[in-house]
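# Understanding the architecture of this molecule
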There are 2 protein chains.
Amino acid sequence: MSDFPDRIEELIREISSLPGIGPKSAERISLCILSKNESEVEKFVNIIQKAKENMHLCPVCFNITDKERCNVCTDSKRNHSIICVVEEVRDLFAIEKGKYYDGVFHVLHGRIDPMNHISPENLKMKELVKRVSEEDVKEIIIATNPNFNGDITALYIQRLLKPYDIKITRIATGLPKGTEIDFVDSVTLSMAIKDRKEI
Amino acid sequence: MSDFPDRIEELIREISSLPGIGPKSAERISLCILSKNESEVEKFVNIIQKAKENMHLCPVCFNITDKERCNVCTDSKRNHSIICVVEEVRDLFAIEKGKYYDGVFHVLHGRIDPMNHISPENLKMKELVKRVSEEDVKEIIIATNPNFNGDITALYIQRLLKPYDIKITRIATGLPKGTEIDFVDSVTLSMAIKDRKEI
C-alpha cells in the first residue's frame, strides 16, 4: 500500500518537531500547507524568513528584538530597578500580556536541568550578575516555573545574588484563580495552605 | 507595555491559521522557529518549498502526487474496480495507513456544505461520474464523514450513481472499538443498535 511521497514525509517530520504538535496534527498541517497554491506557500515561507531576518537577542535582557535594544529595555516609563527573571522569551510575553508589570526583564534562555546536563554556565546567569552589580537594581523577581528545575534555578539565583544588597522575591505559588479546591493537586494545595496570607 | 514585534505578530497570525493550532500554540511554535539559527530556518523553509515543488493532484483520483499519476492509481496489484470516495487527501492516507484496503480512491476535495455555499459543482463529482461511466467499476465505497455534511454528500453520490449498474456502499457507523457504551453519545449508540448484525 502507498505511503506519503518522501518529500511530504520529510515535511511532516519537520512540522512534528515543533512544540505541541503530534504526528496526527503534523500530517493535517502539512496537507493544509500543500493544499495552498504556489503564491500562498511563497507568502507563508516569506513571513517565516522575514520574521527571522535581523531578529536577535537584546544585549541587555536577552528578549528577542529587531532593534538595537528591545522595546522593554528602551521604555523610559518602566521601572528599571526591578528585574523579573524568566526562563524563556515566551514567559516574558505571557507576563507582558497582562499589562500589570512595569519593571524590566532578564531572560535566562533555559533553566538548570541536571538530567539534561544544563548547568548555570549554559544560561544567561553571568549576565544577570553583571546587571545587578552595574545597574541600580532594587529588586529581583524570580519567575522561573514552579517545578523541580524552576525551583533549583530559583535557589541558585537566590544564592548567586546574596552578596548584593537587593530584595529577592519569587512569584507566588497557590491555587489558580477560578479553580475548585477538590480539583487541585495535593502539592499545590499544601503549598497554598503553607503560604496562606492574613486578610 | 510592549507587544511582540510586528513581524513576529504576523508569523503568529500565519501559524495560527493552520488547522488545530490555537493562539497559544502559535506563539510557542513561532518563538521556537525564531530560536532556531539562520541555517536551521533556511532548512525548514526549504523543506516546505521542496514538498510543494512539482506536487499536484493525480488526474485520475485527485490524490496529491509528485508523479504523473499517484502511487495508488499506478499500483497494478490493487483492485481498480473498487473506488473508495473520500472527502480529503488526509482521509485517503488515514485509510491507507491501515493497509487493509486494496481498492483505489477518489478524493472529492470537500463535502457538500450548504451553510458555506459548497455545492457538488465545487467538488470532484463530475470526475467521479466520468470514472464510473468509463472505467470498469464494480463498487463505490462512500467514506465521507459520519456527520450532517458527510451524510448529504453520501446521499448525493448515491443518487448521482443510481443510473449505473454498480454496488454502492457506505462505511459502517457504530461504536468505536475499545470504547465503553456509557461514554458513547446517544446518536452513535442508537445507530449502532439500528445497524446491529446477526452473529
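Residues numbered from 1 in each chain as written. Chains lettered and ligands numbered in written order. Predicted model: local features only at pLDDT ≥ 70, side-chain atom pairs only at ≥ 80, totals over all residues.

### Here's the deal with the packing of helix H1 (residues 6-16) of chain A against helix H3 (residues 38-52) of chain B
Quick reminder of the rule: Angles here are taken between N-to-C directions and fall from 0 to 180 degrees, while the axes themselves are lines fitted to C-alpha atoms, restricted in helices to the stretch in contact. Strands here are runs of E lasting at least two residues and helices are runs of H or I lasting at least four, both read from the DSSP assignment and numbered beginning at the N terminus. The sense of a crossing depends on the near helix, which, turned anticlockwise from the far helix by less than a right angle, makes the crossing left-handed and, turned clockwise, makes it right-handed. Note on contacts: residues are paired as contacts if their backbone-placed C-beta atoms lie within 7 Å. Three classes are used: nonpolar for Ala, Val, Leu, Ile, Met, Phe, Trp, Tyr, Cys and Pro, charged for Asp, Glu, Lys and Arg, and polar for all others, with Gly counted as polar.
Viewed as axis vectors pointing N to C, H1 of chain A and H3 of chain B meet at an angle of 145°, and their least axial separation amounts to 9 Å. Crossing of H1 of chain A against H3 of chain B: the hand is left-handed. Residue-level inspection shows Arg7, Ile8, Glu10, Leu11 and Glu14 of chain A of H1 of chain A in contact with H3 of chain B, the latter providing Phe44, Ile47, Ile48, Lys50 and Ala51 of chain B. Across the contact of H1 of chain A with H3 of chain B, the residue classes break down as six nonpolar, no polar and four charged.

### What about unusual backbone geometry?
Applied cut-off: Here exposure depends only on C-beta density: within 10 Å of a residue's C-beta, 20 or more other C-beta atoms make it buried, 12 or fewer make it exposed, and intermediate numbers make it partly exposed, the C-beta atoms being placed from the backbone.
In this structure, histidine 109 of chain A takes a positive phi of about 60° despite not being glycine. Mapped onto the elements, histidine 109 of chain A comes out in the loop between strand S4 (103-107) and helix H5 (125-134). Looking at histidine 109 of chain A, the number of C-beta atoms within 10 Å reads 15, which means it is partly exposed. Of note in the backbone geometry, histidine 117 of chain B takes a positive phi value of approximately 55° without being a glycine. Inspection of the secondary structure assignment puts histidine 117 of chain B in the loop between strand S4 (103-107) and helix H5 (125-134). Among the residues examined, histidine 117 of chain B registers 7 C-beta atoms within 10 Å and is labelled exposed.

### Remarks on the relation of the copies chain B and chain A
As a reminder of what qualifies: The copies are overlaid by a least-squares fit using only the C-alpha atoms of residues whose pLDDT is at least 70 in both copies.
Placing chain B over chain A gives an RMSD of 0.1 Å and needs a rotation angle of 180°, together with 0.0 Å of translation along the axis. Here the two chains are linked by the operation of a two-fold rotation axis. When C-alpha positions in chain B are compared against the rotation axis, the closest is assigned to valine 45 of chain B, at 3.0 Å. Both copies present the same face, since 100% of the interface residues in chain B are matched by interface residues at the equivalent positions in chain A.

### Focus: the nonpolar core
Counted only if it meets this: The term nonpolar core means buried Ala, Val, Leu, Ile, Met, Phe, Trp, Tyr and Cys residues held together as one set by C-beta atoms within 7 Å.
One finds Cys61, Cys73, Ile83, Val85, Val86, Phe105 and Val107 of chain A to be the most contacted residues of the largest nonpolar core, which totals 28 residues. Only strand S3 (79-86), helix H4 (89-98), S4, H5, strand S5 (139-142) and helix H6 (148-160) of chain A provide two or more residues apiece to this core. Not counting residues up to four positions away in its chain, the partners in contact with isoleucine 83 of chain A are Gly103, Val104, Phe105, His106, Arg131, Val137 and Ile140 of chain A. In this structure, Leu31 of chain A together with Val60, Cys70 and Ile83 of chain B belong to the second largest nonpolar core, which totals 27 residues.

### Let's talk about the interface of chain B and chain A
Between chain B and chain A, the contact holds 42 residues from the first and 42 residues from the second. For the side of chain B that touches chain A, the elements supplying multiple residues, two or more each, are helix H1 (6-16), helix H2 (23-35), H3, strand S2 (64-65) and helix H4 (89-98) of chain B. Top element by residues in the side of chain B that touches chain A is H3 of chain B. It accounts for 10 residues. In terms of residue class, the side of chain B that touches chain A is made up of 23 nonpolar, six polar and 13 charged.

### Here's the deal with the domain arrangement of chain A
The extent of an interface is frequently quoted as the accessible surface area lost upon association of the parts. The condition that has to hold: Domain delimitation in this document rests on an assignment produced automatically or drawn from a domain database.
You can read the domains of chain A as domain 1 (6-52) and domain 2 (57-163). Computed from C-alpha atoms alone, the centre-to-centre distance between domain 1 of chain A and domain 2 of chain A is 32 Å.

### So, the packing of H1 of chain A against helix H2 (residues 23-35) of chain A
Residue and element names in this part refer to chain A. Definition in use: Any angle between 65 and 115 degrees counts as roughly perpendicular, while under 35 counts as roughly parallel, over 145 as roughly antiparallel, and the rest as oblique.
Axis separation between H1 and H2 bottoms out at 8 Å; the angle between their running directions is 125°. Taken together, the axes of H1 and H2 lie oblique to each other. Handedness of the crossing formed by H1 with H2: right-handed. Listed contacts from H2 to Ile8, Leu11, Ile12, Ile15 and Ser16 of H1 are Pro23, Ala26, Glu27, Ile29, Ser30 and Leu34.

### As for the pairing of strand S6 (residues 167-170) of chain A
All names here are of chain A. Under the convention used in this document: A pair of strands is considered paired only if DSSP assigns at least 2 bridges between the two. Handedness rule for crossovers: strands pointing away from the viewer, path from the first strand over the helix to the second running clockwise, crossover right-handed.
In the sheet, S5 pairs with S6 via four bridges, with the strands oriented parallel. Residue pairing across strands places glutamate 139 opposite lysine 167, the latter belonging to S6. Each parallel crossover has a hand, and for S5 linked through H6 to S6 it is right-handed.

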